[in-house]
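Residue strings, one per chain:
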Amino acid sequence: TDEIPKPLLKLANKPIIEYNIDRLIEFGVRKIQISLGYLGEQIQDYFGDGSSKDIEISYIKETKPLGTAGALSLIEKLNHQHILLMNGDLYTNVDFESMYLNLIKSDSEMILASRNYKVDVPYGVFSTDGNELREFNEKPSYNYNVNAGIYILSKSSLNQIPKDTYYDINELINYRLENKAKLTNYPINGYWIDIGNPEDYKSAQDLINY
């Protein structure tokens, strides 16, 4: 990634981000905005205005890092009540329609996709009260719902994002929770790989070639 932005890394001769765009198209999405940062002009050169895929693609150009949520403040006009936000370097078969319907059914301001993450502790674990032993578990496992980097937000949530300021998605989530907004979790049951390091990249390549 010294010479190419991570979303343009290829899986089976197709950029990672293009898998996401093609999947969005399958679910009827026709207007996509891509936030550009590091080497972003390569992404714009590759997709252009989206006409080759019969969709509209426009670009948000960050002159400074704005974070996952901060880039949304640069959207000039939003014609819909909700926006789907996702990282460009994911490889997943998440069901966008099901996720959206869950948002509507739950009457939530935001729905966040999650992935189950299991942690196996290779040692016996003590639960204590001070120095007094309360419980002992041999090599326990813990399961967590971890952030999958896919969100559907209401227009009202977008209005809380400060303009042209670094603002990460966790700041928006915690702010809305502090203000008693209803947020919903959507577990991904299919595959999901965050291309965050060479090992994950290889896992995605193995999956697509399986």
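Everything here concerns the structure above.
Residues numbered from 1 in each chain as written. Predicted model: local features only at pLDDT ≥ 70, side-chain atom pairs only at ≥ 80, totals over all residues. Heavy atoms only, no water.

Peer 1: Please explain a nonpolar patch on the surface as it appears in this structure.
Peer 2: Where nonpolar side chains cluster on the molecular surface, the patch consists of Tyr-117, Val-119, Tyr-142 and Tyr-144 and spans about 390 Å² of accessible area. Looking at the nonpolar patch, the elements with two or more residues in it are strand E7 (110-120) and strand E10 (141-154). Secondary-structure assignment places Val-119 in strand E7. Taking the relative accessible area as the measure of exposure, Val-119 reaches 30% and is therefore partly exposed. (Patch = residues over 30% accessible without salt bridge, like charges linked within 9 Å, V, L, I, M, F, W, Y side chains within 5 Å. Areas by Shrake-Rupley, 256 points an atom, 1.4 Å probe, with all protein chains shown as cover. Salt bridge = Lys/Arg side-chain N within 4 Å of Asp/Glu carboxyl O. Helix = DSSP H or I, 4+ residues; strand = E, 2+ residues; numbered from the N terminus. Buried < 20%, exposed > 50% of the residue type's maximum accessible area, 1.4 Å probe, protein only.)

Peer 1: Before we go on, may I ask you to explain the pairing of E7 in this structure?
Peer 2: Two faces, one strand: in a regular strand the side chains alternate between the faces of the sheet. In the sheet, E7 pairs with E10 via 10 bridges, with the strands oriented antiparallel. Bridged to Leu-112 within E10 is Tyr-151. As paired strands, E7 and strand E11 (residues 183-187) are joined by 5 bridges and run parallel to one another. Residue pairing in the sheet places Ser-114 in a bridge with Pro-187 of E11. (Pairing = 2+ DSSP bridges.)

Peer 1: Would you explain the side chain of Thr-92 in this entry?
Peer 2: Along the chain, the position of Thr-92 falls in strand E6 (residues 90-92). A distance of 3.1 Å separates a polar atom in the side chain of Thr-92 from the backbone nitrogen of Val-94. Side-chain polar atoms of Thr-92 contact the backbone oxygen of Tyr-191, separated by 2.9 Å. When sequence neighbours within four positions are dropped, the list of residues in contact with Thr-92 reads Asn-20, Arg-23, Ile-150, Ile-188, Tyr-191 and Trp-192. (Polar contact = N/O pair within 3.5 Å; in protein donor to acceptor, adjacent residues only side chain to side chain. Contact = heavy atoms within 4.5 Å.)

Peer 1: How should I be thinking about the nonpolar core in this particular structure?
Peer 2: Nonpolar side chains tend toward joint burial in soluble globular proteins. Residues Ile-21, Ile-34, Phe-47, Ile-57 and Ile-150 are the most contacted members of the largest nonpolar core, which totals 27 residues. For this core, the elements supplying multiple residues, two or more each, are helix H1 (16-26), strand E3 (31-36), helix H2 (40-47), strand E4 (56-61), helix H4 (96-106), E7 and E10. Looking at which element gives the most residues to this core, the answer is H1, with 4 residues. By size, the runner-up hydrophobic cluster in this structure holds 16 residues, among which are Leu-85, Met-110, Leu-112 and Leu-172. (Core = buried A, V, L, I, M, F, W, Y, C linked by side-chain atoms within 4.5 Å.)

Peer 1: Looking at this model, I keep getting lost on H2. Mind explaining?
Peer 2: Given 3.6 residues per helical turn, the α-helix brings residues three or four places apart onto the same face. Within the span of H2, buried status applies to Gly-40, Ile-43 and Phe-47. What you see down the axis of H2 is that its buried residues fit within an arc of 55 degrees, all on one side. Here the buried face of H2 lies against H1, E3 and E4. With its phi angle positive at about 60 degrees, Gly-48 sits one or two positions after the end of H2. (Arc of directions from axis to C-beta.)

Peer 1: Can you walk me through the side chain of Ser-157 in this structure?
Peer 2: Take Ser-157: it is sitting in helix H5 (residues 155-158). Residue class for Ser-157 comes out buried when judged on its relative accessible area of 0%. At 3.3 Å, the side chain of Ser-157 and the side chain of Glu-109 are in polar contact. For Ser-157, the contacting residues outside a window of four places in its chain are Glu-109, Met-110, Leu-172 and Arg-176.

Peer 1: Help me out: how do you make sense of helix H6 (residues 169-178) in this one?
Peer 2: Ile-169, Leu-172, Ile-173 and Arg-176 are the residues of H6 that are buried. The buried residues of H6 occupy one face: seen down the axis, they fall within an arc of 100 degrees. Tucked inside the fold, the buried residues of H6 contact helix H3 (67-70), strand E5 (82-86), E7, E10, H5 and E11. One or two positions beyond H6, positive phi appears at Lys-180, with a value near 65 degrees.

Peer 1: How should I be thinking about the packing of aromatic side chains in this particular structure?
Peer 2: Both the distance between ring centres and the angle between the ring planes are used here to describe each pair of aromatic rings. As enumerated under the stated definition, the model contains 5 aromatic pairs in all. With 4.8 Å between their ring centres and 75 degrees between their planes, Tyr-46 and Phe-47 make a pair best called edge-to-face. With a relative accessible area of 6%, Phe-47 lands in the buried category. Considering the side-chain rings of Phe-126 and Phe-136, the 5.3 Å spacing of their centres and the 45 degrees angle between planes classify their relative orientation as tilted. Linking Phe-126 in strand E8 (residues 124-129) with Phe-136 in strand E9 (residues 132-138), this pair joins segments that are 10 residues apart in sequence. Judged by its relative accessible area of 44%, Phe-136 is partly exposed. Among the aromatic residues, ring-to-ring pairing joins Tyr-19, Tyr-91 and Tyr-191 into one connected group. Lys-14 extends its terminal NZ or CZ atom over the ring of Tyr-19, reaching a point 4.6 Å from the ring centre. (Phe/Tyr/Trp six-rings, centres within 6.5 Å; stacked < 30°, edge-to-face > 60°. Lys NZ or Arg CZ within 6 Å of the ring centre and 35° of its normal.)

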